Amino acid sequence: MATKGTVKGIISNLVIVGVDEPISQNEICYITTNETRLMAEVIKIIGKEVYVQVFESTRGLKVGAEVEFAGHMLEVVLGPGLLSRNLDGLQNDLDKMEGVFLKRGQYTYPLDEETLWEFVPLAKEGDTVTAGDWLGQVDENFQPHKIMVPFKMTGSYTLKSIAPAGRYTVNETIAVVTDEENAELPITMVQRWPVKKSVMAYREKPRPFKLLETGVRVIDTANPIVEGGTGFIPGAFGTGKTVLQHAISKQAEADIVVMAACGERANEVVEIFTEFPHLVDPHTGRKLMERTIIIANTSNMPVAAREASVYTAMTISEYYRSMGLKVLLMADSTSRWAQALREQSNRLEELPGPDAFPMDLSAIISNFYGRAGYVILNNNQTGSITFIGTVSPAGGNLKEPVTENTKKVARCFYALEQERADKKRYPAVNPIDSYSKYLEYPEFEKYISKLISEDWIDHVNEIKTRMQRGKEISEQINILGDDGVPLDYHITFWKSELIDFVLLQQDAFDDVDSVTPIERQKNIMDNIIHLCRMEFKFANFTEVMDYFKKIINLMKQMNYAVFQSEEYHGYEKQLNMLVNERKSA
Amino acid sequence: MATKAFQKIYTQITQITKATCSLKAREVGYDELATVNGRLAQVVKIIGENITLQVFSGTEGIPTNAEVVFLGKAPTLKVGDQLAGRFFNALGKPIDGGPVPEGKEVEIGGPSVNPVRRKQPSELIATGIAGIDLNNTLVSGQKIPFFADPDQPYNVVMANVALRAKTDKIILGGMGLANDDYLYFKNVFSNAGALDRIVSFVNTAENPPVERLLIPDMALTAAEYFAVEKNEKVLVLLTDMSSYADALSIVSNRMDQIPSKDSMPGSLYSDLAKIYEKAVQFPSGGSITIIAVTTLSGGDITHAVPDNTGYITEGQLYLRRDSDVGKVIIDPFRSLSRLKQLVIGKKTREDHPQVMNAAVRLYADAANAKTKQENGFDLTHYDERALAFAKDYSRHILAIDVNIDTTEMLDKTWNLLSTHFRPEEVNIKHTLIEKYWKEDE
Ligand SMILES: Nc1ncnc2c1ncn2[C@@H]1O[C@H](COP(=O)(O)OP(=O)(O)OP(=O)(O)O)[C@@H](O)[C@H]1O
Ligand SMILES: [Mg+2]
């Protein structure tokens, strides 16, 4: 018998419920109003008064309405068939909903219960198994989808029977295990997990070190992210957070991409719905949508469900990681999530922290980023969740709680700069302030030296130093005028412009330039280092500028041309001629 | 609003603040409307039998024995074809002396469109203003504000845009509108013979400020009727959203909420997003496009209102007075239409993206030359040509009084480029130069 209560008070989406029986913090409940059931979550308990936040509008709700408690926390459904789906923040399948408008109290199941999956057993009778162990696999969009011992099953079990290879629906029993008392427990392809808890079905979480190729040069070359790494992209509005995230999600060498649209524009989600089914994954040649899951809680959808949306996305990512897959999770924007927390905490009249955000914001953010990572599973296979979130700082000022607290935990910092965006130097990632802590990991250095070349890290550092020097000189020229600094300075400055235009800037809307595979990035790097270390002879500063503009133009044309194509070699030839003209003996 | 026989009348108010009054009542729904001595109010808090009402026009002069009647519903609007050509106040009552229109009664501020039922916007909206059509092309289903100082002619530009855009309906939502500006809109629309395709919801500066919180929802509920039921292309004008935000801060302040930046409520982002996100392209052909105004104080775009707006809308248009040519222009640097990529060079001539970028880049060169000049450094010949180009470009392309079609804008820009520059200076693809460069002009 489910626990029941009645509504005692309503303040916007915060509802006070009177209950006589025991209730758990974060338990889910349903409030009945006008024949619809509104889902809500317990967020505070004082004596017999339970404060719940309703995930929908409370319009028309009256005191005395009946409330039914579900006996569990907010959970997601995990099983084959999640890929390619468009889900809302509470994991409802948006495509299954009726009508043009979202109806209150409409909840749809995220899996198909009729689909037959081609099951192949991986474990055998008599095996000892624990949570997360692989029992079998089905083929989901050409990916091996592992059917696991449910994460909730703590302890150790013996596999009593396993279904033979064949076609089954998600709800059919595919295995039976027995526990220590010899009780039999059936297992299907579906399991549930509370979103606020991390899935711990792995043995170890070592430091990540393998490059996760994104095809974006300012990331891969200058500020690399790794499989299981974390990063964040802060930037004022219009500086290119969403364009950069979309570029990464299209190109990254990941098995699964989970995109959480958290309190942002619906049209941006429509762009994904519209384009991803046609775009091709550059690594497998399959359609991008096949590896993608979209969690959409756009800015006009209920605010309370916004908080849930990022956790829903994280839990689904953890599920796929446990299958030994490389998962890339993106959240745009984590600031909207923090704002949802702020609205909730204000309504609860909690003591506010900086900028009226909740006091424990820092802990909440670090806990969330902590769920990402590279893991070694119980069977020695590896899996990863790479997490990249955007941050939308008020007024574009990075001295605000969400940015500062995120900076403490995320290991890559991709700072988008208003001035660069204004100058259309895209992606507007600030070349000096941005960083990747992974460049300092000895494990990474070892890995990348083997993958690309021994001197790679030195080259990366050289580029950074040159950018820094270029900036200093440009400031001096602004004060002293072009004639006020030595000619050498102009050459050094233009070498940094060369790095900026050819390596760091990248056109996200060009078919060729948008994706640069790592071997091509090495080629660009080699060319640039070669030019930067070369000595040139010039008579005056206008000559320097004119010359470097020509070099930049040719190298940009190379970037736009298909690698090693005739066109590419044509430009390369012109470039070599130009370089030889000016080489000082 | 007449009292119906079965409605219970309450006469014991227990608490009155500037914006709210409280009383004991039963069977009241959240968000429900009530009248307090005839003034419209809405339920904002229920704790047991204690009901708190927000009185839209304020509580001045309300006695503790005022008559309170609950209306059993949230704010509604009767939608139907009879709305066309009419003027209403924030509560949806006619202010043009006409009859109350008949139609289906729907609650305002209704649910949002399921994102998977939207279509990607793809239809260009032509305004004749080159600063918009050429550099910041608008698309049906887009939401975009003007960021303008209070003394700039944003209402004039908006009225022009509305009349020239080929839409089926124009819905005006006026918030804190000066009475003169209200009459201006009324005159312009009626002189253009366009009154029958316009619906207006107006809260003037003299009306109670809190009432204006209803304006966007009223306007957008009407818009949804025409876009969904009639598959029409609807353009919604919201002026001025900064007055709307002011009303939000008044309410949250009076309700003792903890303010966040610039004394705005912490929910400002969600409050604004709920309005702007009503912009949509439906697969059936109907659409809602929102053009709004956000007035700035002292040009400060880091203030909470423009800042949050920028995070929500699909670009923004800046007005600026160019003292070199004595005209108001659409500033090409800070203005942005994020949806222009979906139409330029596709719905317009192939050279559009390149010509647009080249001209803005050269305009930026002129700005650099100007800074150089002001700092007392010597100008090169190129700098001087760039400055001459900038003047022509500002006068003939960017000025808000330009009214030509997109092809003409492109031709004119090519003319300016060839007058002031050499082909190799404009950085345009070779094939386009061969086709469009004006040799002999
Ligand atoms: N890499 C890029 N290449 C070309 N154009 C870009 C690039 N990045 C951004 N832009 C331009 O900047 C515009 C805004 O970018 P985007 O929508 O990503 O900003 P944002 O930081 O997500 O803003 P908001 O916080 O408002 O969501 C794009 O519409 C596009 O015109
Ligand atoms: Mg964005």
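Because the structure is a prediction, the values reported are computed rather than measured. (Residues numbered from 1 in each chain as written. Chains lettered and ligands numbered in written order. Predicted model: local features only at pLDDT ≥ 70, side-chain atom pairs only at ≥ 80, totals over all residues. Heavy atoms only, no water.)

Enquirer: So what about the overall build of chain B? Which residues, and what values?
Expert: Tallying secondary structure elements over chain B gives 11 helices and 21 strands in all. Its C-alpha atoms give chain B principal-axis dimensions of about 85 × 50 × 40 Å. Residues classed as buried in chain B amount to 57% of the 441 residues present. For chain B, the exposed area adds up to about 17500 Å²; of that, 48% sits on carbon and sulfur atoms. Between the mean site of the 48 positive side-chain charges and the mean site of the 55 negative ones, chain B shows a separation of 4 Å. (Helix = DSSP H or I, 4+ residues; strand = E, 2+ residues; numbered from the N terminus. Buried < 20%, exposed > 50% of the residue type's maximum accessible area, 1.4 Å probe, protein only. Areas by Shrake-Rupley, 256 points an atom, 1.4 Å probe, with all protein chains shown as cover. Lys, Arg positive; Asp, Glu negative; His and termini not counted. Charge placed at Lys NZ, Arg CZ, Asp CG, Glu CD.)

Enquirer: Go over the site of ligand 1, please, and point to the residues and values.
Expert: Looking at ligand 1, there are 18 residues lining it, with A:Gly238, A:Lys241, A:Thr242, A:Val243 and A:Arg265 nearest. Near ligand 1, the surrounding residues belong to chains A and B. A distance of 2.6 Å is found between an oxygen atom of ligand 1 and a side-chain nitrogen or oxygen belonging to A:Thr242. Here A:Arg265 contributes a side-chain N or O atom positioned 2.7 Å from an oxygen atom of ligand 1. Burial of ligand 1 by the surrounding chains reaches 92%, relative to a free accessible area of 630 Å². Secondary-structure elements contributing two or more residues to the shell around ligand 1 are helix H2 (241-251) of chain A together with helix H7 (304-312) of chain B. (Near = heavy atom within 4 Å. Polar contact = N/O pair within 3.5 Å; in protein donor to acceptor, adjacent residues only side chain to side chain.)

Enquirer: How would you explain the pattern of salt bridges if you had to name every residue and give the values?
Expert: Residue and element names in this part refer to chain A. One pass over the structure, following the stated rule, counts 55 salt bridges over all chains. Across the pair Asp500 and Arg425 runs a salt bridge, and its minimum N-O distance is 2.8 Å. Remark: Arg425 occurs in the loop between helix H8 (418-422) and strand E25 (435-436) and Asp500 occurs in helix H11 (residues 487-504); sequence separation between them is 75 residues. As far as burial versus exposure is concerned, Asp500 and Arg425 are alike and both buried. (Salt bridge = Lys/Arg side-chain N within 4 Å of Asp/Glu carboxyl O.)

Enquirer: Explain the packing of aromatic side chains residue by residue, including any values.
Expert: Taken as a whole and judged by the stated rule, the model has 38 aromatic pairs over all chains. Pairing A:Tyr438 with A:Tyr441 gives two aromatic rings, centres 5.1 Å apart and planes at 70 degrees, and the pair type is edge-to-face. Exposure remark for A:Tyr438: the relative accessible area of 2% places this residue in the buried category. Each ring, one from B:Phe333 and one from B:Tyr363, has its centre 5.5 Å from the other, and the planes form 45 degrees; the classification is tilted. Separated by 30 residues along the polypeptide, B:Phe333 in the loop between strand E20 (327-330) and strand E21 (336-337) and B:Tyr363 in helix H8 (residues 352-374) bring together distant segments of the chain. Look at B:Phe333 and you get partly exposed, because its relative accessible area is 31%. Residue placement shows A:Lys196 over the ring face of A:Tyr311; its charged tip is 5.3 Å from the ring centre. Lying over the aromatic face of B:Tyr269, A:Arg336 brings its terminal NZ or CZ to 3.7 Å of the ring centre. (Phe/Tyr/Trp six-rings, centres within 6.5 Å; stacked < 30°, edge-to-face > 60°. Lys NZ or Arg CZ within 6 Å of the ring centre and 35° of its normal.)

Enquirer: A description of the sheet that holds strand E11 (residues 134-140) of chain A should follow, citing residues and the corresponding values.
Expert: Residues and elements named next belong to chain A. Reading across from one edge, E12-E11-E9-E14 is the order of the four strands in this open sheet, with antiparallel pairing throughout. Of all strands in the sheet, those bounded by a partner on one side alone are strand E12 (143-148) and strand E14 (166-168). On average, adjacent strands in this sheet sit at an angle of 40 degrees to one another, irrespective of strand direction. Note: strand E9 (residues 117-121) against E11, two bridges, orientation antiparallel. What sits directly across from Pro121, in E11, is Gly136. (Pairing = 2+ DSSP bridges. Axes fitted to C-alpha atoms, helices over the stretch in contact; angles between N-to-C directions.)

Enquirer: Please give an account of unusual backbone geometry that cites residues and values.
Expert: Residue A:Ser333 follows A:Asp332 across a cis peptide bond; omega there is 10 degrees. Within the secondary structure, A:Ser333 is located in the loop between strand E21 (326-332) and helix H5 (334-347). In this chain, B:Thr239 is followed by B:Asp240 through a cis amide linkage whose omega measures 10 degrees. Looking at where B:Asp240 falls in the secondary structure, it is placed in the loop between strand E16 (233-239) and helix H5 (241-254). The phi angle at A:Ser12 is positive, at roughly 55 degrees, despite the residue not being glycine.

Enquirer: Report on the sheet that holds strand E10 (residues 128-130) of chain A, specifying residues and quantitative values.
Expert: All names here are of chain A. Taking strand neighbours across the sheet as the criterion, the four strands line up as E10-E13-E15-E16 in an open arrangement whose pairing is antiparallel. Strand pairing shows two members of the sheet lacking a second neighbour, E10 and strand E16 (184-187), which therefore form its edges. Averaged over all pairs of adjacent strands, the angle between strand axes in this sheet comes to 45 degrees, irrespective of strand direction. Sheet topology note: the strand E13 (residues 156-162)/strand E15 (residues 175-178) ladder contains four bridges and is antiparallel.

Enquirer: Give me the lowdown on the environment of A:Gly481, citing residues and values where you can.
Expert: Take A:Gly481: it is sitting in the loop between helix H10 (456-480) and H11. A relative accessible area of 4% means that A:Gly481 is categorised as buried.

Enquirer: Tell me about the interface of chain A and chain B, residues and numbers included.
Expert: In this complex, chain A contributes 59 residues to the contact, which on the side of chain B involves 56 residues. Taking both sides of the interface into account, the surface hidden between chain A and chain B amounts to around 4800 Å²; carbon and sulfur atoms contribute 54%. For chain A, the biggest contributors to the area lost against chain B are A:Arg59, A:Phe237 and A:Arg265; these three give 18% of the whole. On the surface where chain A and chain B come into contact, there are three salt bridges. One salt bridge connects A:Arg59 with B:Glu107, and the closest N-O pair in it is separated by 2.9 Å. Summed over the shared surface of chain A and chain B, the number is 28 residue pairs in polar contact (both at pLDDT 80 or more). Within the residue set of the side of chain A that touches chain B, elements represented by two or more residues are strand E1 (4-11), helix H3 (266-275), helix H4 (303-321), H5 and H10 of chain A. Among the elements that line the side of chain A that touches chain B, the one with the most residues is H3(A), at eight residues. Among the residues forming the side of chain A that touches chain B, the class breakdown is 24 nonpolar, 20 polar and 15 charged. Pairing of E1(A) with strand E5 (residues 39-47) of chain B involves two bridges; the strand directions are antiparallel. Counterpart to A:Ile10 in the pairing with E5(B) is B:Ile46. (Contact = heavy atoms within 4.5 Å. Buried area = accessible area lost by both parts, 1.4 Å probe. Nonpolar A, V, L, I, M, F, W, Y, C, P; charged D, E, K, R; others polar.)

Enquirer: Tell me about the pairing of E16(A), residues and numbers included.
Expert: Residues and elements named next belong to chain A. Inspection of the sheet shows E15 paired to E16 by four bridges, in the antiparallel sense. When the sheet's bridge partners are listed, Ala175 is paired in E16 with Ile187. Count of turn residues in the E15/E16 antiparallel hairpin: five residues, of which Asn182 carries a positive phi of about 70 degrees.

Enquirer: Hey, could you go over H8(B) for me, with residue numbers and the actual values?
Expert: Residues and elements named next belong to chain B. Given a rise of 1.5 Å per residue, 23 residues ought to cover 33 Å, and the 33 Å separating the end C-alpha atoms of H8 matches this to within 8%. Within H8 the residues assigned to the buried category are His352, Val355, Met356, Ala358, Ala359, Val360, Leu362, Tyr363, Ala366 and Ala369. Positive backbone phi, at 80 degrees, marks Gly376, one or two positions downstream of H8. (Expected span 1.5 Å × (residues − 1).)

Enquirer: Outline the domain arrangement of chain A, listing residues and values.
Expert: Residue and element names in this part refer to chain A. Splitting chain A by domain gives domain 1 (4-73), domain 2 (117-192), domain 3 (217-437) and domain 4 (456-582). Computed over C-alpha atoms, the centres of domain 2 and domain 3 are 32 Å apart. Counting residues at the interface gives 15 residues for domain 2, matched by 15 residues for domain 3. Both sides together, the interface formed by domain 2 and domain 3 hides about 1100 Å², and carbon and sulfur atoms give 53% of it. (Domains from an automatic or database assignment.)

Enquirer: Just give me the short version of the domain arrangement of chain B, but keep the residues and values in it.
Expert: Residue and element names in this part refer to chain B. Per the domain assignment, the segments of chain B are domain 1 (9-70), domain 2 (76-107 + 140-313) and domain 3 (352-436). Using C-alpha coordinates to define each centre, domain 1 is positioned 27 Å away from domain 2. Counting from both sides, the interface comprises eight residues of domain 1 and, opposite them, nine residues of domain 2. Carbon and sulfur atoms make up 76% of the surface buried where domain 1 meets domain 2, a total of about 790 Å² over both sides. Taken together, the links from domain 1 to domain 2 amount to zero salt bridges.

Enquirer: So what about the packing of H8(B) against helix H10 (residues 406-420) of chain B? Which residues, and what values?
Expert: Working note: a packed helix pair is described by the angle between its axes plus the distance between those axes. All names here are of chain B. Interhelical geometry of H8 versus H10 gives an angle of 45 degrees and a closest axis separation of 10 Å. Classified by the interaxial angle, the pair formed by H8 and H10 is oblique. Note on packing geometry: the crossing formed by H8 with H10 is left-handed. From H8, His352, Val355, Ala359 and Leu362 reach across to H10, where they touch Thr406, Leu410, Thr413, Trp414 and Leu417. Its residues assigned to classes, the contact of H8 with H10 shows six nonpolar, three polar and no charged. (Parallel < 35°, antiparallel > 145°, perpendicular 65-115°, else oblique. Left-handed = near helix turned anticlockwise from the far one by under 90°.)

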